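Residues per chain are reported as follows:
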Amino acid sequence: MSTENLSQSPEQPPRKPRVAVVFGGRSSEHGISVVTAGAVLKAIDRSQYDVLPIGITADGRWALTADEPERMAITDRRTPSVDQLAESTEGGVVLPVDPASREVVYSEPGSVPKALGEVDVVFPVLHGPYGEDGTLQGLLELSGVPYVGSGVLASAVGQDKEYMKRVFTSFGLKVGPYVVIRPREWQQDESAARRRIVDFAGEHGWPLFVKPARAGSSIGITKVDDLSGLDEAIAEAQRHDPKILVEAALRGREIECGVLEFEDGPRASVPAEIPPPDAHAYYDFEAKYIDSTPGIVPAPLTEEETAEVRRLAVEAFEAASCEGLVRADFFLTEDGDFVINEINTMPGFTPISMYPQMWQATGIGYPELVDRLVQAALRRSTGLR
């Protein structure tokens, strides 16, 4: 779909495409999603698009929210929530279930439902489960509404770090050593599951990183230096996901690269380097979003290294069948190899996030980046493609 196809009459000029910015959600990354939405709402060109902000509360209610980006920022080291922005504590927004209609409806108990008009594209700035993992993408496919970012399969693969690594390995990309503990395995025999992790540490050495298999923003991750911290780390990861991933520490530099879909296919940004944060054991949630540990953009790499990581970032994008955007995270090891750690199909998108910073250094500023993502979504149809 393109902007030229939007409905119009001979007496009326073409209407602007309507973008629903959907944010918040049920995952532990709710607050960062709200911050991201504030940045997108502030940057989107209102002369080109009509905008409808829709927040999803932590308990899953779709709420009509105020279009006030200034209220969607981190204050006093705390992230905002959809409940603070919702226009009602009971009203709900409903997407169409008929692909022939894109009419969005708002209703409150005891009131006549109110039509909010048609939506031409959804910009889902949700992170983590119930938003970035293919669930929302499946709903939008059923509704026939185009959306920014990857489809159902790529979103699910990008969320589940185990299957992400399996896909990358099958395409010849290098991944680091890891072991997965599934919930049934833990429930049936905790001792045997824990022993697998200890044996893994015996083979690859300490420290280990214990993390939820399907979360992001470094939430729920613990760096474990020895056996004494293992049980607490497992419990913290399982607070966010019953399936956990344990990774060996890789010695090397953390390098990130952004991928963006252009008319002729995906292209990679200049890469960035994440230096070890002074006040944190690793690049955790607080280092990323609260203390805003700065990355180095562009990364101080050789021309050959820069070309290689950009090539690998696009290769990862294609391997997982991604669309729209991806941030690919690598380690440049002491042996000079790039080992891919993960991709994010809806990466952190605040103004201080690495993805926008990398594209800024490549020559595409934040408002243009938002516009390119919306236009890429409008060019695509829903369904098999």
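Residues numbered from 1 in each chain as written. Predicted model: local features only at pLDDT ≥ 70, side-chain atom pairs only at ≥ 80, totals over all residues. Heavy atoms only, no water.

A. The sheet that holds strand 4 (residues 92–94), seen in detail. What the three strands build is an open sheet, ordered 4-5-6; its pairing is antiparallel. Bordering the open sheet on either side are strand 4 and strand 6 (114–118), each of which pairs with just one other strand. If you compare each strand with its neighbour and ignore which way they point, the axes differ by 25° on average. Bridge analysis of strand 5 (residues 103–107) against strand 6 gives four bridges, and the strand direction is antiparallel. If you follow Y106 over to strand 6, its bridge partner there is K114. (Pairing = 2+ DSSP bridges. Helix = DSSP H or I, 4+ residues; strand = E, 2+ residues; numbered from the N terminus. Axes fitted to C-alpha atoms, helices over the stretch in contact; angles between N-to-C directions.)

B. Inspection of the packing of aromatic side chains at higher detail. Taken as a whole and judged by the stated rule, the model has five aromatic pairs. Judged by centre distance (6.0 Å) and plane angle (50°), the rings of F262 and W359 are tilted. With F262 in strand 12 (residues 252–262) and W359 in helix 11 (residues 354–362), the pair connects residues that are 97 residues apart, well separated along the chain. On the basis of relative accessibility, which here comes to 2%, the residue W359 falls in the buried class. Measuring from centroid to centroid gives 6.2 Å for F330 and F338, while their planes differ by 80°, and the two rings are edge-to-face. Judged by relative accessible area, F330 falls into the buried class, the value being 2%. (Phe/Tyr/Trp six-rings, centres within 6.5 Å; stacked < 30°, edge-to-face > 60°. Buried < 20%, exposed > 50% of the residue type's maximum accessible area, 1.4 Å probe, protein only.)

C. Molecular detail of the pairing of strand 15 (residues 325–333). Of all nine residues making up strand 15, nine are buried, and the element is well covered by its neighbours. Side chains L325, R327, D329, F331 and T333 of strand 15 all project onto a buried face; the interleaved residues V326, A328, F330 and L332 project onto the opposite face, where all are buried too. Note that strand 12 and strand 15 share nine bridges and pair antiparallel. Bridge pairing links G258 to R327 in strand 15. As defined by bridge partners, strand 15 adjoins strand 16 (residues 338–344) across six bridges and the pair is classed as antiparallel.

D. How the structure looks around the sheet that holds strand 2 (residues 50–56). With mixed pairing, four strands are arranged side by side in an open sheet as 3-2-1-7. Single-partner strands in this sheet number two, and they are strand 3 (62–64) and strand 7 (121–124). With direction set aside, neighbouring strand axes in the sheet form an average angle of 30°. Where strand 1 (residues 18–24) and strand 7 come together, four bridges link them in parallel fashion.

E. Structural detail: helix 8 (residues 230–238). For helix 8, the complete set of buried residues consists of L230, A233, I234 and A237. Summarising the axial view, the buried residues of helix 8 lie within an arc of 100°, below the 170-degree limit, and thus occupy one face. Against helix 6 (183–188), helix 7 (190–204), strand 9 (208–212), strand 10 (222–224) and strand 11 (244–248) lie the buried residues of helix 8. (Arc of directions from axis to C-beta. Contact = heavy atoms within 4.5 Å.)

F. Molecular detail of the side chain of T333. For T333, the location among the structural elements is in strand 15. For T333, a relative accessible area of 15% gives the class buried. Among all residues touching T333, those that are not within four sequence positions of it are R251, G252 and V339.

G. Molecular detail of helix 10 (residues 303–319). For helix 10, with 17 residues, the first-to-last C-alpha span of 24 Å sits near the 24 Å given by 1.5 Å per residue. On its buried side, helix 10 packs onto helix 5 (161–170), strand 12, strand 13 (265–268), strand 15 and strand 16. (Expected span 1.5 Å × (residues − 1).)

H. Looking closely at the state of the cysteines. Within this structure, the stated rule accounts for zero disulfides. Distance from the sulfur of C257, which forms no disulfide, to the nearest cysteine sulfur (C322) is 13 Å. (Disulfide = S-S within 2.5 Å.)

I. Seen up close, the packing of helix 7 against helix 8. It is the contact of helix 7 with helix 8, at a shortest axis distance of 12 Å, that shows an interaxial angle of 115°. Our classification of the angle between helix 7 and helix 8 gives roughly perpendicular. As for the relative orientation of helix 7 and helix 8, their crossing is right-handed in sense. Of helix 8, the residues touching helix 7 (which contributes R194, I197 and V198) are L230, D231 and I234. (Parallel < 35°, antiparallel > 145°, perpendicular 65-115°, else oblique. Left-handed = near helix turned anticlockwise from the far one by under 90°.)

J. Local environment of the pattern of salt bridges. All chains considered together, the criterion is met by 30 salt bridges. Across the salt bridge formed by R46 and D67, the nearest N and O atoms sit 2.7 Å from each other. Placement of R46 in the loop between helix 1 (30–43) and strand 2 and of D67 in the loop between strand 3 and helix 2 (82–85) is noted, with a sequence separation of 21 residues between them. D67 sits in the partly exposed class, given a relative accessible area of 33%. Measuring nitrogen to oxygen at the nearest pair gives 2.9 Å for the salt bridge that ties K165 to E247. Within this pair, whereas K165 is found in helix 5, its partner E247 is found in strand 11, the two being separated by 82 residues in sequence. Residue K165 shares its accessibility class with E247, and that shared class is buried. Ionic contacts of the salt-bridge type, sharing partners, join the residues E141, E261, E323, R380 and R385 into one network. (Salt bridge = Lys/Arg side-chain N within 4 Å of Asp/Glu carboxyl O.)

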